[in-house]
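Residues per chain are reported as follows:
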Amino acid sequence: MDYKKITDEISEKILSYSQDTSGWRVIKVSKNVTVSSKPSKEYAGNIYRGEGIIEEVPSKIIPFMYLPEYRNKWDKALKSYSLLESVDQDTGIYHSVTHSYGMGLISSRDFVDLLHVKAYPGGILTTNSISVEYSSCPPTPSCVRGRNNPCGYVCSPLPENPEHSKLVVFIQPELGGMLPCSVVETALPTTLVNLITETRAGLKSFKDRN
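The name given to the protein in an unreviewed UniProt entry is StAR-related lipid transfer protein 6, with Aythya fuligula as the source organism.

See the structure below:
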């Protein structure tokens, strides 16, 4: 599998999502996080965008969000999160297992994702991910294997306050199983709000301890 080719293509898509200002519809505003959606070009559902301000610089935020030694400590949605293979210093294959959601309405899911970290001029740092087949981590009966279409984080310093950053998260997962659309469309915006608020709280707690 040509990981370099895949990550180049996904990085282009995440960059294009971040520059795309048309057609987004705000569907949830909560805890200083705004969630918008629009029809996805990757699958039959929507792409979701979550946006919020975080009191930290991108170079601290992005590693905190994707490295297992940090993420396992703060992301309440995840049962486990681990690195399966390091491809190079900026690229790896990760396995995440979610807790069930909504009083068991959505059972536990797992995802195997190729993730690449890419920097852009102006202090912008991004993660760029997509689900991949990985023979040493096949689906198991204990959870439903989901698939992440191109997804990622785009974190940029605020021009008026460079010690703060704007974090934008794009997700468009196929959760698998027999879930009604209405359940998915309720769950995913809440997932984005929780991700950004838990990142804020986790970073604050980490800074307070250090």
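**Student:** Help me understand the pattern of salt bridges, please; the structure alone is not making it clear to me.
**Tutor:** Two side chains with opposite charge may pair up if their charged atoms get near one another. Counting across every chain of the model gives 8 salt bridges. Here Glu51 ties to Lys166 by a salt bridge, and the two come within 3.2 Å at their closest N and O atoms. Of this pair, Glu51 sits in strand 3 (residues 46-54) while Lys166 sits in strand 11 (residues 161-171), and the two are 115 residues apart along the sequence. Accessibility expressed as a relative area gives 33% for Lys166, which makes it partly exposed. Notably, a salt bridge pairs Asp75 with Arg71, separated by 2.8 Å at the nearest N-O pair. Judged by its relative accessible area of 7%, Asp75 falls in the buried class. Judged by relative accessible area, Arg71 falls into the buried class, the value being 12%. By sharing partners, the salt bridges in this structure join Arg49, Glu51 and Lys166 into a single network.

**Student:** Which parts of the structure should I look at to understand the UniProt feature "domain: START" (unreviewed entry) in the protein?
**Tutor:** If you check UniProt for "domain: START" (unreviewed entry), the listed places come out as residues 1-208 in our numbering. Counting secondary structure, residues 1-208 comes out at 29% helix and 41% strand; the distance between its end C-alpha atoms is 42 Å.

**Student:** Is there a simple way to explain the nonpolar core in this structure?
**Tutor:** Side chains of nonpolar character tend, in soluble globular proteins, to be buried together. Counting residues in each nonpolar core, the largest one holds 30 residues, and the members touching the most others are Ile62, Met65, Tyr66, Tyr153, Leu167 and Val169. Elements with a contribution of two residues or more to this core: strand 2 (33-39), strand 3, helix 2 (58-66), strand 4 (78-88), strand 6 (109-120), strand 10 (151-158), strand 11 and helix 4 (181-209). Ranked by residue count, the leading element in this core is helix 4, at 7 residues. Residues contacting Leu167, with those up to four places away along its chain left out, are Gly50, Glu51, Gly52, Ile54, Met65, Tyr153, Val154, Cys155 and Ile196.

**Student:** Help me understand the pairing of strand 10, please; the structure alone is not making it clear to me.
**Tutor:** A regular strand places its side chains so that they alternate between the two faces of the sheet. The buried count for strand 10 comes to 6 of 8 residues, which makes it a mostly enclosed element. With 7 bridges connecting them, strand 10 and strand 11 associate as antiparallel partners. When the bridges of strand 11 are listed, Val154 appears paired with Val168.

**Student:** Just checking my understanding: could you explain the side chain of Ser11 for this structure?
**Tutor:** The residue Ser11 is located in helix 1 (residues 3-19) in this model. Since its relative accessible area comes to 1%, Ser11 is described here as buried. A polar atom in the side chain of Ser11 sits 2.8 Å from the backbone oxygen of Thr7. Residues within four places of Ser11 in sequence aside, it is in contact with His116, Lys118, Tyr120 and Asn128.

Criteria and cut-off values
Residues numbered from 1 in each chain as written. Predicted model: local features only at pLDDT ≥ 70, side-chain atom pairs only at ≥ 80, totals over all residues. Heavy atoms only, no water. Salt bridge = Lys/Arg side-chain N within 4 Å of Asp/Glu carboxyl O. Helix = DSSP H or I, 4+ residues; strand = E, 2+ residues; numbered from the N terminus. Buried < 20%, exposed > 50% of the residue type's maximum accessible area, 1.4 Å probe, protein only. UniProt positions renumbered as here; feature names shortened; annotations may be inferred. Core = buried A, V, L, I, M, F, W, Y, C linked by side-chain atoms within 4.5 Å. Contact = heavy atoms within 4.5 Å. Pairing = 2+ DSSP bridges. Polar contact = N/O pair within 3.5 Å; in protein donor to acceptor, adjacent residues only side chain to side chain.

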